[in-house]
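Survey of secondary and tertiary structure
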Amino acid sequence: MKGSSVRFEIMRLDDVDGTAVDSTVVDAASVSRIVQQAADMGQRIYIRPAGSAAS
């Protein structure tokens, strides 16, 4: 595995019913920054590993 960086899908959730409004895929280094921004703005988010290659 050359330079395997872990990637995560981050979904912004609707405040009322919790459905995903939009999503983005980021590298592990960006997760902390995005979580902090969501916390500052009071946004609900859901984070999960993105497209892991299971073998």
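Notes on the structure follow. (Residues numbered from 1 in each chain as written. Predicted model: local features only at pLDDT ≥ 70, side-chain atom pairs only at ≥ 80, totals over all residues. Heavy atoms only, no water.)

Side note on the overall build of the chain
Across its full length, the chain holds one helix and three strands. When the elements of the chain are put in sequence order from the N terminus, they spell out β-β-α-β. Look at the contacts in the chain between residues 6 or more apart in sequence, and 45% of them connect residues 24 or more apart. Taken as a whole, the chain presents about 4200 Å² of accessible surface, with 51% of it coming from carbon and sulfur. (Helix = DSSP H or I, 4+ residues; strand = E, 2+ residues; numbered from the N terminus. Contact = heavy atoms within 4.5 Å. Areas by Shrake-Rupley, 256 points an atom, 1.4 Å probe, with all protein chains shown as cover.)

A few points about the pairing of strand S2 (residues 20–27)
Inspection of the sheet shows strand S1 (residues 7–13) paired to S2 by seven bridges, in the antiparallel sense. Each residue of the ladder has a partner; that of Glu 9, found in S2, is Val 25. Where S1 folds back on S2, the antiparallel hairpin that results is connected by six residues, among which Gly 18 adopts a positive phi of roughly 80°. (Pairing = 2+ DSSP bridges.)

A look at the pairing of S1
In the case of a regular strand, side chains alternate between the two sheet surfaces. The pairing of S1 with strand S3 (residues 44–49) spans six bridges and is antiparallel. Within S3, the position partnered with Leu 13 by the bridge is Arg 44.

Quick look at helix H1 (residues 28–41)
Counted at 1.5 Å a residue, the expected span for H1 with its 14 residues is 20 Å, and the 21 Å between its end C-alpha atoms agrees. Buried residues of H1: Ser 30, Val 31, Ile 34 and Ala 38, and no others. The buried residues of H1 occupy an angular sector of 110° when projected down its axis, which confines them to one face. Looking at H1, the residues exposed on the side facing more than 90 degrees away from the buried face are Ala 29, Ser 32, Ala 39 and Asp 40. Each element contacted by the buried residues of H1 is listed here: S1, S2 and S3. Looking at the residues trailing H1, positive phi occurs at Gly 42, about 75°. (Expected span 1.5 Å × (residues − 1). Buried < 20%, exposed > 50% of the residue type's maximum accessible area, 1.4 Å probe, protein only. Arc of directions from axis to C-beta.)

Geometry only, nothing functional implied.
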